[in-house]
Each structure stands twice: as C-alpha cells, then as structure tokens.
Amino acid sequence: YLPRCRRSAGASIVAHVPTVEGCLSEEVEFMTRATVKRRFEVDAPLEEAWHRLAEVERWPEWAPHITSVTVSPPGELGPTSSGALQIKRLGRNTFRMSVWEPPVRWEWVGGLPGVCIYYDHRFESSSPAATRLEWLVELHGPLAPLIRPVFARVYGRNLDRAIPRLQEWFRR
C-alpha cells in the first residue's frame, strides 16, 4: 500500500536521548516533524557508503528486523526504485523512491492506510575514510498522531539494534 499524502509543517525536537555508542538519538513530541532520527558514522568513504547501502537487498545481513527485501528494478537503488521490506512481526512494508540526490540523500515513502511514512537517508563525508549517516523517519496523515508514539518506540529500538551491526558490516 502506497498512500498519497503531503507533508505538513512540524514542530521542533524536544529531547536528545543517548542510545548505542556513537549514535545520537532524538525522540520527539506528538506533533513534531521527525518521528525518529539517528546520526552515526560508518568506516567507509562517502561514495562507498552510498553504494553499499544502495544494495538494499543486502540489508537483512545487518538489520535483524528485516527478513527480506525486494527492489524493482533489481539491484542497486535508483531514482525510479520501488520495493518491499519484510519486517519481523510487522509484515510487508512497500516503498517508492521520492527523493534521489546521489551521493548525499535518498528518501522513500511507504505507509499504511491513513499514514504516509517518509524514510530519509542522508550521507555526509566526515573524513576521507568515514561517512556520517543521518536517518529521519516522518509520519504524516490523519492516523499519524495515533500511531506515532508506538511507531517511534518500536522503530527506534529496531534501529538501535541494527546500527552497531551496520557499523560492523562496513568494517568487513
């Protein structure tokens, strides 16, 4: 299910919560713009980080909450990509690319009836051998205020488990 919706203006972030080592987490209030936000570094130059993460079908190698990924067209992500992630205990989550700015940003949108979910992936070189990643997730739509608090807890927990595995995956 890929809902049609527009983003609304949001409020500001209210608290910084430390999570896994090397990762900043920001939990947000009821009507905020970002529902989940994570910033962290990986040991890879910008272009390499971009290309490795664009191989979304490999994400189950480091993200234990993702059991499988399908991408169309197959292979590395591109400006017309769409697909589905199979999430443990949550089922299938479809997406389509909404922003494509290599090698600094991509965003895809998916959702549920009454909720659009925007997954924003940002890349910034932090040194010649490292890249800072920032992942932002926004929920919009008439049912977003109802599911936002639970979604933020569950999805934030999934990311907090996956990020150290992703950092290790980049060291291989």
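Residues numbered from 1 in each chain as written. Predicted model: local features only at pLDDT ≥ 70, side-chain atom pairs only at ≥ 80, totals over all residues. Heavy atoms only, no water.

**Brief notes about the confidence of the model for the protein**
(1) Moving on: Model confidence for the protein is summarised by a mean pLDDT of 85, while 81% of its residues fall at 70 or above.
(2) Moving on: When mean pLDDT is compared element by element in the protein, helix H1 (residues 46-53) scores highest at 98, while strand S1 (residues 15-18) scores lowest at 34.
(3) Moving on: Confidence drops under a pLDDT of 50 for residues 8-32, and excluding neighbours within four residues, the segment shows 58 contacts in the predicted structure. (pLDDT = per-residue confidence, 0-100. Helix = DSSP H or I, 4+ residues; strand = E, 2+ residues; numbered from the N terminus. Contact = heavy atoms within 4.5 Å.)

**Some remarks on the side chain of Thr 131**
(1) Moving on: In this fold, Thr 131 is placed in strand S9 (residues 130-140).
(2) Moving on: A polar contact of 2.7 Å, which involves the side chain of Thr 131, links it to the backbone oxygen of Ala 44.
(3) Moving on: Apart from residues lying up to four places away in sequence, Thr 131 is in contact with Phe 40, Glu 41, Val 42, Ala 44, Pro 45, Leu 46, Ala 49, Phe 123, Glu 124 and Ser 126. (Polar contact = N/O pair within 3.5 Å; in protein donor to acceptor, adjacent residues only side chain to side chain.)

**Description of a nonpolar patch on the surface**
(1) Moving on: Together, Leu 90, Val 150 and Val 154 line one region of the surface with nonpolar side chains, adding up to about 260 Å² of accessible area.
(2) Moving on: In this fold, Val 150 is placed in helix H2 (residues 144-171).
(3) Moving on: Assessed through its relative accessible area of 46%, Val 150 is described here as partly exposed. (Patch = residues over 30% accessible without salt bridge, like charges linked within 9 Å, V, L, I, M, F, W, Y side chains within 5 Å. Areas by Shrake-Rupley, 256 points an atom, 1.4 Å probe, with all protein chains shown as cover. Salt bridge = Lys/Arg side-chain N within 4 Å of Asp/Glu carboxyl O. Buried < 20%, exposed > 50% of the residue type's maximum accessible area, 1.4 Å probe, protein only.)

**Looking at the packing of aromatic side chains**
(1) Moving on: A full pass over the atoms with the stated rule returns 15 aromatic pairs.
(2) Moving on: For the pair Trp 50 and Trp 106, a centre-to-centre distance of 5.1 Å together with 75 degrees between the ring planes defines the contact as edge-to-face. Of this pair, Trp 50 sits in helix H1 while Trp 106 sits in strand S7 (residues 105-112); the two residues are 56 residues apart in sequence, bridging distant segments of the chain. For the pair Trp 50 and Trp 106, one class covers both residues: buried.
(3) Moving on: Members of the aromatic cluster, connected to one another through ring pairs, are Phe 40, Trp 50, Trp 59, Trp 62, Phe 95, Trp 100, Trp 106, Trp 108, Phe 123 and Trp 135.
(4) Moving on: In this arrangement the basic side chain of Arg 52 is found over the ring face of Trp 169, its NZ or CZ atom lying 4.3 Å from the centre.
(5) Moving on: When the ring centre of Phe 170 is taken as origin, the NZ or CZ atom of Arg 52, which lies over that ring, is 4.8 Å away. (Phe/Tyr/Trp six-rings, centres within 6.5 Å; stacked < 30°, edge-to-face > 60°. Lys NZ or Arg CZ within 6 Å of the ring centre and 35° of its normal.)

**Thoughts on the nonpolar core**
(1) Moving on: Judged by nonpolar contacts, the single largest core of 41 residues is most densely connected at Leu 53, Trp 59, Trp 62, Leu 77, Trp 106, Trp 108 and Leu 166.
(2) Moving on: With 10 residues, the top contributor of residues to this core is H2.
(3) Moving on: Other than its neighbours up to four places away in sequence, Trp 108 contacts Val 56, Trp 59, Leu 77, Leu 85, Phe 95, Arg 96, Met 97, Ser 98, Ile 117, Tyr 118, Tyr 119 and His 121. (Core = buried A, V, L, I, M, F, W, Y, C linked by side-chain atoms within 4.5 Å.)

**Here we look at the pattern of salt bridges**
(1) Moving on: Taken as a whole and judged by the stated rule, the model has 14 salt bridges.
(2) Moving on: The closest approach of N and O atoms between Asp 43 and Arg 171, which form a salt bridge, is 3.2 Å. Pair noted here: Asp 43 is in the loop between strand S3 (36-42) and H1 and Arg 171 is in helix H2, with a separation of 128 residues, a long-range link.
(3) Moving on: Salt-bridge contacts for Arg 122 lead to Asp 120; the nearest nitrogen and oxygen are separated by 2.7 Å.
(4) Moving on: Since its relative accessible area comes to 32%, Arg 122 is described here as partly exposed.
(5) Moving on: When salt bridges with common partners are traced through the structure, they connect Glu 101, Arg 105, Glu 107, Asp 120 and Arg 122 into a single cluster.

**Remarks on the side chain of Lys 37**
(1) Moving on: Examined against the element boundaries, Lys 37 turns out to sit in strand S3.
(2) Moving on: Assessed through its relative accessible area of 15%, Lys 37 is described here as buried.
(3) Moving on: Polar contacts involving the side chain of Lys 37 include one to the side chain of Glu 134, which spans 3.5 Å.

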